[in-house]
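Spelled out from the first residue to the last, the chains are:
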Protein chains: 8
Amino acid sequence: MVHGELTKLLGQFRRGKLTEEELLQRLSSITFESIGYAAIDHHREVRTGFPEVIFCQGKTPAQVAGIARRIVRHGSTLLATRAERRHFTAVRKVLPAVRYNPAARTITARGNAVQRSGRGTILVVTAGTSDIPIAEEALETARIMGNAVDHLYDVGVAGIHRILAQSQKLREAAVVIVIAGMEGALASVVGGLVKVPVIAVPTSVGYGASYGGIAALLGMLTSCAAGVTVVNIDNGFGAGYAASLMNRSKG
Amino acid sequence: MVHGELTKLLGQFRRGKLTEEELLQRLSSITFESIGYAAIDHHREVRTGFPEVIFCQGKTPAQVAGIARRIVRHGSTLLATRAERRHFTAVRKVLPAVRYNPAARTITARGNAVQRSGRGTILVVTAGTSDIPIAEEALETARIMGNAVDHLYDVGVAGIHRILAQSQKLREAAVVIVIAGMEGALASVVGGLVKVPVIAVPTSVGYGASYGGIAALLGMLTSCAAGVTVVNIDNGFGAGYAASLMNRSKG
Amino acid sequence: MVHGELTKLLGQFRRGKLTEEELLQRLSSITFESIGYAAIDHHREVRTGFPEVIFCQGKTPAQVAGIARRIVRHGSTLLATRAERRHFTAVRKVLPAVRYNPAARTITARGNAVQRSGRGTILVVTAGTSDIPIAEEALETARIMGNAVDHLYDVGVAGIHRILAQSQKLREAAVVIVIAGMEGALASVVGGLVKVPVIAVPTSVGYGASYGGIAALLGMLTSCAAGVTVVNIDNGFGAGYAASLMNRSKG
Amino acid sequence: MVHGELTKLLGQFRRGKLTEEELLQRLSSITFESIGYAAIDHHREVRTGFPEVIFCQGKTPAQVAGIARRIVRHGSTLLATRAERRHFTAVRKVLPAVRYNPAARTITARGNAVQRSGRGTILVVTAGTSDIPIAEEALETARIMGNAVDHLYDVGVAGIHRILAQSQKLREAAVVIVIAGMEGALASVVGGLVKVPVIAVPTSVGYGASYGGIAALLGMLTSCAAGVTVVNIDNGFGAGYAASLMNRSKG
Amino acid sequence: MVHGELTKLLGQFRRGKLTEEELLQRLSSITFESIGYAAIDHHREVRTGFPEVIFCQGKTPAQVAGIARRIVRHGSTLLATRAERRHFTAVRKVLPAVRYNPAARTITARGNAVQRSGRGTILVVTAGTSDIPIAEEALETARIMGNAVDHLYDVGVAGIHRILAQSQKLREAAVVIVIAGMEGALASVVGGLVKVPVIAVPTSVGYGASYGGIAALLGMLTSCAAGVTVVNIDNGFGAGYAASLMNRSKG
Amino acid sequence: MVHGELTKLLGQFRRGKLTEEELLQRLSSITFESIGYAAIDHHREVRTGFPEVIFCQGKTPAQVAGIARRIVRHGSTLLATRAERRHFTAVRKVLPAVRYNPAARTITARGNAVQRSGRGTILVVTAGTSDIPIAEEALETARIMGNAVDHLYDVGVAGIHRILAQSQKLREAAVVIVIAGMEGALASVVGGLVKVPVIAVPTSVGYGASYGGIAALLGMLTSCAAGVTVVNIDNGFGAGYAASLMNRSKG
Amino acid sequence: MVHGELTKLLGQFRRGKLTEEELLQRLSSITFESIGYAAIDHHREVRTGFPEVIFCQGKTPAQVAGIARRIVRHGSTLLATRAERRHFTAVRKVLPAVRYNPAARTITARGNAVQRSGRGTILVVTAGTSDIPIAEEALETARIMGNAVDHLYDVGVAGIHRILAQSQKLREAAVVIVIAGMEGALASVVGGLVKVPVIAVPTSVGYGASYGGIAALLGMLTSCAAGVTVVNIDNGFGAGYAASLMNRSKG
Amino acid sequence: MVHGELTKLLGQFRRGKLTEEELLQRLSSITFESIGYAAIDHHREVRTGFPEVIFCQGKTPAQVAGIARRIVRHGSTLLATRAERRHFTAVRKVLPAVRYNPAARTITARGNAVQRSGRGTILVVTAGTSDIPIAEEALETARIMGNAVDHLYDVGVAGIHRILAQSQKLREAAVVIVIAGMEGALASVVGGLVKVPVIAVPTSVGYGASYGGIAALLGMLTSCAAGVTVVNIDNGFGAGYAASLMNRSKG
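Residues numbered from 1 in each chain as written. Chains lettered and ligands numbered in written order. Predicted model: local features only at pLDDT ≥ 70, side-chain atom pairs only at ≥ 80, totals over all residues. Heavy atoms only, no water.

(A) Region of interest: the interface of chain G and chain F. Taken together, the 24 residues of chain G in the interface contact 24 residues of chain F. Across the chain G to chain F interface the summed buried area is about 1,800 Å²; carbon plus sulfur atoms make up 77%. Here chain G is connected to chain F by 0 salt bridges. Here chain G is connected to chain F by 6 residue pairs in polar contact (both at pLDDT 80 or more). (Contact = heavy atoms within 4.5 Å. Buried area = accessible area lost by both parts, 1.4 Å probe. Salt bridge = Lys/Arg side-chain N within 4 Å of Asp/Glu carboxyl O. Polar contact = N/O pair within 3.5 Å; in protein donor to acceptor, adjacent residues only side chain to side chain.)

(B) Up close: the relation of the copies chain G and chain F. Rotating chain G by 180° about the axis while translating it 0.0 Å along that axis superimposes it on chain F, leaving an RMSD of 0.0 Å. As the rotation angle and translation indicate, the two copies are arranged about a two-fold axis. Considering only C-alpha atoms, the part of chain G nearest the rotation axis is Ala185 of chain G, at 2.4 Å. (Least-squares fit on C-alpha atoms with pLDDT ≥ 70 in both.)

(C) A look at the interface of chain C and chain B. Counting from both sides, the interface comprises 35 residues of chain C and, opposite them, 35 residues of chain B. In this assembly, chain C packs against chain B so that about 2,800 Å² is buried in total across both faces, 60% of it on carbon and sulfur atoms. Across the chain C-chain B interface, the total number found is 4 residue pairs in polar contact (both at pLDDT 80 or more). Among the elements of the structure, α3 (44-48), α8 (167-172), α10 (214-221), β11 (228-230) and α11 (236-247) of chain C are those that each provide at least two residues to the side of chain C that touches chain B. Looking at which element gives the most residues to the side of chain C that touches chain B, the answer is α11 of chain C, with 5 residues. Of the residues belonging to the side of chain C that touches chain B, the class tally is 19 nonpolar, 9 polar and 7 charged. (Helix = DSSP H or I, 4+ residues; strand = E, 2+ residues; numbered from the N terminus. Nonpolar A, V, L, I, M, F, W, Y, C, P; charged D, E, K, R; others polar.)

(D) Fine view of the side chain of Lys59 of chain F. Turning to its location among the elements, Lys59 of chain F is positioned in the loop between β3 (54-55) and α4 (61-73). No salt bridge is formed by the buried Lys59 of chain F. Its closest oppositely charged neighbour is Asp154 of chain A, at 6.3 Å. Excluding residues that lie within four positions of it along the chain, Lys59 of chain F makes contacts with Thr129 and Ser130 of chain A together with Ile54, Val64, Ile67, Arg86 and His87 of chain F. (Buried < 20%, exposed > 50% of the residue type's maximum accessible area, 1.4 Å probe, protein only. Lys, Arg positive; Asp, Glu negative; His and termini not counted.)

(E) Spatial organisation of the relation of the copies chain C and chain B. Overlaying chain C on chain B yields an RMSD of 0.0 Å, the required transformation being a rotation through 180° with an accompanying axial translation of 0.0 Å. An overlap of 100% is found between the interface residues of chain C and their copies at the interface of chain B, pointing to a shared contact surface.

(F) Representation of the sheet that holds strand β6 (residues 106-109) of chain A. Residues and elements named next belong to chain A. Across the sheet, which stays open at both edges, the 4 strands sit in the order β3-β4-β6-β5 with mixed pairing between neighbours. Sheet topology places β3 (54-55) and β5 (99-101) at the edges, where each strand pairs with a single neighbour. Note that strand β4 (residues 78-81) and β6 share 3 bridges and pair antiparallel. Pairing of Leu78 across the sheet is with Ala109, part of β6. (Pairing = 2+ DSSP bridges.)

(G) Focus on the sheet that holds strand β5 (residues 99-101) of chain F. Residue and element names in this part refer to chain F. Spatially, 4 strands are ordered β3-β4-β6-β5 in an open sheet, and the strand pairing comes out mixed. Each edge of the sheet is formed by a strand with only one pairing partner; in this case those strands are β3 and β5. Across 2 bridges, the pairing between β3 and strand β4 (residues 78-81) is parallel. The residue bridging Ile54 from the neighbouring strand is Ala80, located in β4.

(H) Structural context of helix α4 (residues 61-73) of chain D. Residue and element names in this part refer to chain D. Along its 13 residues, α4 runs 18 Å from first to last C-alpha, staying within 8% of the 18 Å computed at 1.5 Å per residue. Inspection of α4 places Gln63, Val64, Ala65, Gly66, Ile67, Ala68, Arg70 and Ile71 among the buried residues, and these make up the whole buried set. Looking one or two places after α4, you find Gly75, whose phi comes out positive at around 85°. (Expected span 1.5 Å × (residues − 1).)

(I) The packing of α10 of chain C against helix α10 (residues 214-221) of chain D, seen in detail. Packing of α10 of chain C against α10 of chain D brings their axes to within 8 Å, and their N-to-C directions diverge by 125°. Classified by the angle between their axes, α10 of chain C and α10 of chain D sit oblique to one another. When the axes of α10 of chain C and α10 of chain D are compared, the crossing they make is left-handed. On the side of α10 of chain C, the interface is formed by Ile214, Ala215 and Leu218 of chain C, while α10 of chain D contributes Ile214, Ala215 and Leu218 of chain D. (Axes fitted to C-alpha atoms, helices over the stretch in contact; angles between N-to-C directions. Parallel < 35°, antiparallel > 145°, perpendicular 65-115°, else oblique. Left-handed = near helix turned anticlockwise from the far one by under 90°.)

Printed below as a string of structure tokens:
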């Protein structure tokens, strides 16, 4: 549809029905929908392969519901993150078919376009039990984007044999997401064991000098293992999203 | 009035009715009003062109009401920021005509003197929907100071065409206020598109390594676009105030 | 010239000599010149009213000279900041007419277009003698951009009467730039005395807990005086540039 | 018990059974009272001129009451800081005569020994109305330690004439305590106006880049005015205590 | 070879020529070579698909040469990063065929095994000219690991059309590495334009509040564009390495 | 039991009942028990001499109870830290014999194996009354690990004679744990008085520039007394655990 | 002289020889001397009891010499801090009688007015030998301001008896300056031993987590001993100056 | 003199003129030697089991030599850390028998008293080759204090089998010192493998977000492995010293 409208505009311009000035302005404006408090980027799916995702924190339930309705109406897949139950309640009123995962804090509804497209499996690994909610956010994101997923929980380095025992699962994954708080050492160990991209997610688990995830964040950024890239603290969504891009078949 | 009292004092001094010591002390003291917990700076309007603004955070409702009453009695315009509803309730009891904007958290009452004086329009731009409360504070401030205002919401750089589509609005503004959390990149992009002053307001929107606005603050201070100046995190008032000064016709 | 080429391209497109794809690509590419290590943004002057400025730090003398030559050849005004003498030596070889200010560390050459256009005077104020190099950078920038400038040096708040004695100069300025290290208190005091925009520049002057300018930076961001906006530490250029935008006659 | 042992020791000393040296050494080792959760330092009054002060934060009401009872029973002056009402309620049960200042969050009871002993007046100055609770803590401390006190509230530097108008009060003080949040510039201005010690107290008033008082703290530590010393953020007690030491007549 | 030795050991154990204890110890030790100051991990190539890389910083030239010689002798590809000329001089003495890239600060020698294996092109994009040395390190790394590479230099967001003009190159890349100092906004803009993984590298380019790359680092971690992952400040090697893993054909 | 299973596996391998691949995978997996949300490291007791400890923060009561049940069933000693009452309630349902210490926030149950094994006494010293909860956590940990313990409370350096008076207790301890908030100076003083290991625990007691324990943490890390090692802020458990290791008879 | 000129001006105004405008401007301007790069505050001696002090860091030798000459010509005492030898060389050319202390990095020349005026002795105490240069700066400052001084070096708390052995010197001082790096614990110990003001100076001595003095700074700000105030890191001058104010006889 | 007085005291004790209690108390007060710039703590050996160690940083060569001479003359073992060659040159002039280790930057001379006294072996483990200088400092310290030592270099977690292959050495050690920069993950892995105390030393090896060792420091403080204690960044001496205390036979 976006593409169709673009062709129409250029045709009008060529036939002189649009001035130069008008053309340039319309070229951009057809690709998003302004609803007062938000400018919904419907074109994002064309550009990046996945529609706009709603970050609920700081938005009212009514705002989230309004944006969600327009995304779904547009035929796109819905993913809303950091969603509290009050957001879900508001969205469900206008979109009864949405699903809420309270651990992951996600609201989802599958659009027309998503199909299993990833090349391999995205494996989500956590250092501890407390990191599971962030893992759930990553898993929900990767699933809704059409990937096969798997996970390993509570395999932190204080008992190093727990992760070593899973070397086959590690070897079989196409992308590995490592989620850890405290010192985040698991990312370095895993990074040294596999030949696929490792995405590290520092979590705010820990206390004292963990400083809400800074210790893990710095540890992962300075990892002695090459091939590890990092996303923001507690950003399970970002890891799941990036892993999906890495898992896509190019061409 | 302030000026009249000054002339009177110097007259008394010349006629010997005031000693040198007395003169110097009175010179300063006529310009503010002490009410125990506050020293209201009535002279500020003369010096800076706008009366003292009440910062409500950390003040009791009774204190805010007491200060507000004296400002209004003095014929000045009232602007109170970071006002909670309890502050508003207290002020309304003594000044029934005040207006409360809960999103902006401002209490306002127009004084005798304000008139539309700015040269052009102050345009307030936000990166996301969550930045709107800070935008509201900026807009309230700019409006009460006599400026024409306009806004663009949710035009962050992840969908760069959204801001590019608004280039005409950007070109027509006299001052642009850019409000953004997370990485605050919108300030740099806007700064590269306009020939008027850009005031950047980092917001505490985001999580993890956004550190309550530090990421955006540092990003805006180190912007690769020249002409961008910065105010404190979440300081919509400060941006609106500075924009008003920039928008004034000098001479 | 930029505008002419744009018209030509759209004409070719309308006549079918350019495909849609070709048009879009050419639209952007005519406005900058790629020279391998740099993409010179000749269009910036059209957009922002002043040509691209060269930030010399991290660039080789040969790179600076190469960029400078193209800017001047394009008829634009040259301003290079953070220039060491070795940069100047390289630039002078290809552009003998350039001027070097070692205190400000700027290389300048006036283009065809610059004329005195600012509405009033930009006043640069420093807290101490050690802040003068940053003041020089601000002054050079404001001058080359066509403004009348003036300055007050060493009027910090430990001797508050020094700045109070200059109240007339302060009142007459169209924009005031306050440059201070240590605790940066001068910005707050000046901000409370004038009715024009104040741009605060924290400097890295000081030791111990001044942390290379952080103390002054935080002090200026949290200033109790409204109307103060802030630029990066030691960023005299940024202050001069922003002041020039504020001093322009709009319309 | 402490008292009994003290009497015995002094008796031995009087009868020549203890040398002066021996007496002094024994005096220290018997001078605290262990009550399980606390080791009350009754000797502190001898060493430092004022008895142990109770810091209530992190202590249960029962612990505060237990310590308070022993201090008062020892005939010493009672000062408890950071006291919540629940602490006061517990203390009042065992010591009905104590006084609670909810703004200052202090519990006090005058001991036998305190008398007006300071050489001059301790003047407490605040930048804003929101700084008053910290000022109250400083005033309570200075008063209970036997000093004449005075105060000036809301005289921050954005209206510089407010503090200049009070130059006589400033000149007459023996010690000045300056309490300010945000950028804390008032300390530098006052430090440049007086010839007596200035104690600066940064407060956590402000938001964004004030970082709970860091901006003011750094500003005060790097003050361009000599003679300013600093205490911890919001530490009104520490300022009042140090001011009392400075105000004592030595010998 | 590693695999052959493993089989031999297990055969010996099965035949009773190795005790259980001996087997376990040998299992690990065959895979690295200890040379006193280093334990060279020859097994890494098997595990991760690329041999150990030498990080020269903090190592003596003799140590670097010693490690390099063993890696090459083992038939592996050599990559040494952060190499100063003195390191190169030492390595060249024992390995005359190595190549030194002074801008990238890399020493390289191609091993037997490397062949063009990546699925697509790795595109390296910099915001400014000063970021080029880090880009060179990323390019050298990606090249030696068998990838097709391309680059775009100096396309920062202050002139947003420069990157928009290159949308075709961006669309054709399999992985994009974005290298930027100052506020690092380019990563967010690029992240919003492509459907492939984006690796962001903050650089220490900038001054004042850029804090040696922290501003860019935080900006990239908190990017409003999904799909962006981050490596350490100035870590061109890490970005090139991770991009190579992402570019590999799995299976 | 663990050892028995290991022998069995190697026997099967030698007899050809397990392939090489199967052996390696089983070798690791026998030593932990996977229950979905946790991988309980039963082998830890063999490796480190003490079973896995449950860190309750971030875990649901059901998760804690599930893990606790398996540890106890395995015959091991149970120690759960940072346990809230809701955790205790859940654990008591499945393990009625557990003990809860609300001050220390620990849940404990003694296993079969623990016996008094330490060489000497572990002495826990606090600077203030507010540090006692952390001390309780250290004492519970040391006790459950089979050590004799003792404590000294509220002996901070502002009354230096209080700790000097206890020099005999200090001299008799085998390990000393020093727990202090604010500036943490007690660790340095004690470190200079004893000839045994001193473990310093910074606490989050204090306000303002204590920054939740950073002041004490930095003070202890930079202690002028040699022989002092440090654990995380408020980490009484970690100190008790490390002290137990130091107190063990080796061989 | 300053006072005389003031009287003259007011006389002229009363006789109508000065307009109101002229009077106000002259009132301030007579009290400082502008020499282009500096505005020398000759009035400071009247206000604060001591003339302006030259902070040499960031000033050229010529600037320091120029300012010094005017201070001495005015009959005031000269104190220049952070002076390198090149500053001294320049000053000595115009003022042959000045004295340079290379350890303290001070240039001094006694003016007409200074006489021994302090009430008691200022005692400077250091924790280590490495802190001595800062102590020298404090001692030079206190001496030139007319105080009796004494010192104790290398009495840090790791050998607590060293400071306890000096209790008599501590008891006899009127003000104590404690200078310490690393964890700065000495300030707390001394603060608990004396009944006079203690000024703490953190030094940048130490490494690692001492962070150039932050550990000591935070430790001193959060000292558990009341009565301790703090100056900037390495600020021996500030401590000496503040101590002089505290030591003055008021009235 | 110290020695003379000591003799006298012991004579008095032998003749019954001093009780044991009195003797001990007197012993401390005479036990340091003041040499102007230093107060040498000869008693430290009695209290802590090892004489005072000289920290050379910030001391002049003459000062170091002066202190060293007195320590050796007293019959004590000499250990000077952070010694540059210029310090060694000065010390060797007065003490020809001292030994200098340039990698460890230590000057040592064995005293009368040291003998092999530790219970077991202290094992020093490094993550990389660049950490070796810190390891050398730890080894020198442990050796001079009478311990058997061993080391493992370059066994970081990116090649986890390197450390696993050394499990026997790890199991046989009495204390393990783990030295690592970057993310410091090795401490957690080793902590999970052994049943003896682990001392972690963060090093300043790394770049970017390693922040001179902060990443490793935070990682080690928040280690998920219990039993790990931490010393200051690059503090090999502190680790060696603490390990020696832990290795001593108590009673």
